Amino acid sequence: MAARSALAILTALSLALAGCASQEQPATQPSPGGSAPAGTTIKEGLKIAFLPKQVNNPYFDTSDNKGGKPAVEEFKGVYSQTGPSEASPSAQVSYINTLSQQGTDVIVVSANDKDAICGALTEARQAGAKVVTYDSDTNPTCRDLFINQASAEGIAASQIKLISDAVGPDGGEIAILSATANATNQNAWIEMMKTELGKPEYAKLKLVTTVYGDDDDQKSFQEAQGLLASHPNLKGIISPTTVGVAAAARYLSGSEYKGKVQLTGLGTPNQMRAYVKDDTVKSFALWNPADLGYLAAYAGAALASGLITGKEGETFTAGKLGDYTVGKDGTVLLGDPFVFDKGNIDTFDF
């Protein structure tokens, strides 16, 4: 699917924020390039379970409960969310096994590690479940589809541009505060950021280190604090994780480094609003997590209903979001990141 313009993304965000209530459309799946005949409907009563990296995480609360749940309700399925309280590579395995034993039709999972849960997912698929990854992928052989919030290239380009703009033309040392060391999406973005930093326009930026907060608020706070202790000349921090960027902002806002060390990353407006308004953060980016969960639910339902198989070129309709096409390696792209700043942040509530 072609990338949307910023205006289109803004419109989609605004719609989602109105209680994430969609203008309900019949769950029919036209397939101009797909395998199912036009007018075929999603089965009713599908059991669709969301398994995030960790529960009680604001990002996944939005993607699952404000995106996935409304979608499942639209096509008259049965929604649930379950998962570990801490993000670790093996923590999701027991939940996958339980969902499989319960006869779950679709498991929608954000992987803490691309390989650690593959065995459990393979067994679940053999038992009849369809597996959709979102936010963070597994090895492609372990699932049916991956719902990618934005391309690694797009995220990397936006993060480097935002920190470059914030730091200014003189450049300087920057660091990355990531989530877990094994997080598939984080690692892909970081590698692309390194590539992006090789461009001539970013020659004055120097990446000095990458640290990991494990998507834990307190550890992320301490890692941000440690960065400044270890690198007193640091000019900027990129934290492409909602937990990390909020924790780093909290540290900077109460420290002597406020306004001197710039911060950007991937965060939600409600987490970052105060730090944007007090000038700790100039701008940050994110896709709409509610749209990500919404799309993942519809993709899973299309798979479980036999409307698509996950083959490249197939198409399906995701309710209010419209038509999507399955890309290479069973990947479906949501769209481009959206940039939040002081001028627009009050427009959003998630």
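Look up a bit, the structure's there.
Not measured: the values here are computed from a predicted model.

A. Main features of the overall build of the chain. Looking only at helices and strands, one finds ten helices and 14 strands in the chain. Residue burial in the chain is summarised as follows: out of 350 residues, 56% are buried. Considering only contacts in the chain between residues 6 or more positions apart, those separated by 24 or more positions represent 72%. Counting every atom, the chain has about 13,600 Å² of accessible surface; 49% of that belongs to carbon and sulfur.

B. Structural view of the packing of helix H7 (residues 217–230) against helix H8 (residues 242–253). Interhelical geometry of H7 versus H8 gives an angle of 55° and a closest axis separation of 8 Å. Considered as vectors, H7 and H8 are oriented oblique to each other. Between H7 and H8 lies a crossing whose hand is right-handed. Within the contact between the two elements, H7 uses Asp217, Gln218, Ser220, Phe221, Ala224, Gln225 and Leu228 and H8 uses Val243, Gly244, Ala247, Ala248, Arg250, Tyr251 and Leu252. For the contact of H7 with H8, the per-class residue count stands at eight nonpolar, four polar and two charged.

C. Quick peek at the sheet that holds strand E13 (residues 331–333). Strands sit in the order E2-E1-E3-E4-E5-E13 across an open sheet of six strands; the sheet is parallel. The open sheet has two free edges, formed respectively by strand E2 (78–81) and E13, since each of these has just one partner strand. When the angles between neighbouring strand axes are averaged without regard to direction, this sheet yields 20°. Contacts between helix H2 (residues 58–74) and the sheet are confined to strand E1 (47–51), E2 and strand E4 (130–134), with E2 contributing the most and set at about 170° to the helix.

D. Fine view of the packing of aromatic side chains. Here the structure, examined in full by the defined rule, presents 15 aromatic pairs. With a centroid separation of 5.5 Å and an interplanar angle of 85°, the aromatic rings of phenylalanine 221 and tyrosine 251 are classed as edge-to-face. Of this pair, phenylalanine 221 sits in helix H7 while tyrosine 251 sits in helix H8, and the two are 30 residues apart along the sequence. The interplanar angle of 75° and the centroid separation of 5.0 Å between the aromatic rings of phenylalanine 338 and phenylalanine 340 together place this pair among those described as edge-to-face. Of the two residues, phenylalanine 338 and phenylalanine 340, neither departs from the other in class, the shared state being buried. Three or more aromatic residues joined by ring pairs make a cluster, and in this case those are Phe50, Tyr59, Phe60, Tyr79, Tyr134, Trp189 and Trp287. Seen from the ring of tyrosine 294, lysine 320 lies directly overhead, with NZ or CZ sitting 5.0 Å from the centre.

E. Here's a closer look at helix H5 (residues 152–167). With 16 residues, H5 extends 22 Å between its outermost C-alpha atoms, agreeing within 8% with the 22 Å of an ideal straight helix rising 1.5 Å per residue. Within H5 the residues assigned to the buried category are Ala152, Ile155, Ala156, Ser158, Gln159, Ile160, Leu162, Ile163, Ser164, Ala166 and Val167. Downstream of H5 by a residue or two, glycine 168 has a phi angle that is positive, lying close to 105°.

F. Main features of the nonpolar core. Core analysis: the largest hydrophobic core is formed by 86 residues, its most contacted members being Ile48, Phe75, Ile147, Leu228, Trp287, Leu295 and Phe316. The dominant element in this core, judged by the number of residues it contributes, is helix H10 (residues 289–304), at eleven residues. If we skip the residues at most four places from it in the chain, leucine 228 touches Leu234, Ile237, Tyr251, Leu252, Tyr257 and Val261.

The rules behind each value
- Residues numbered from 1 in each chain as written.
- Predicted model: local features only at pLDDT ≥ 70, side-chain atom pairs only at ≥ 80, totals over all residues.
- Heavy atoms only, no water.
- Helix = DSSP H or I, 4+ residues; strand = E, 2+ residues; numbered from the N terminus.
- Buried < 20%, exposed > 50% of the residue type's maximum accessible area, 1.4 Å probe, protein only.
- Contact = heavy atoms within 4.5 Å.
- Areas by Shrake-Rupley, 256 points an atom, 1.4 Å probe, with all protein chains shown as cover.
- Axes fitted to C-alpha atoms, helices over the stretch in contact; angles between N-to-C directions.
- Parallel < 35°, antiparallel > 145°, perpendicular 65-115°, else oblique.
- Left-handed = near helix turned anticlockwise from the far one by under 90°.
- Nonpolar A, V, L, I, M, F, W, Y, C, P; charged D, E, K, R; others polar.
- Pairing = 2+ DSSP bridges.
- Phe/Tyr/Trp six-rings, centres within 6.5 Å; stacked < 30°, edge-to-face > 60°.
- Lys NZ or Arg CZ within 6 Å of the ring centre and 35° of its normal.
- Expected span 1.5 Å × (residues − 1).
- Core = buried A, V, L, I, M, F, W, Y, C linked by side-chain atoms within 4.5 Å.

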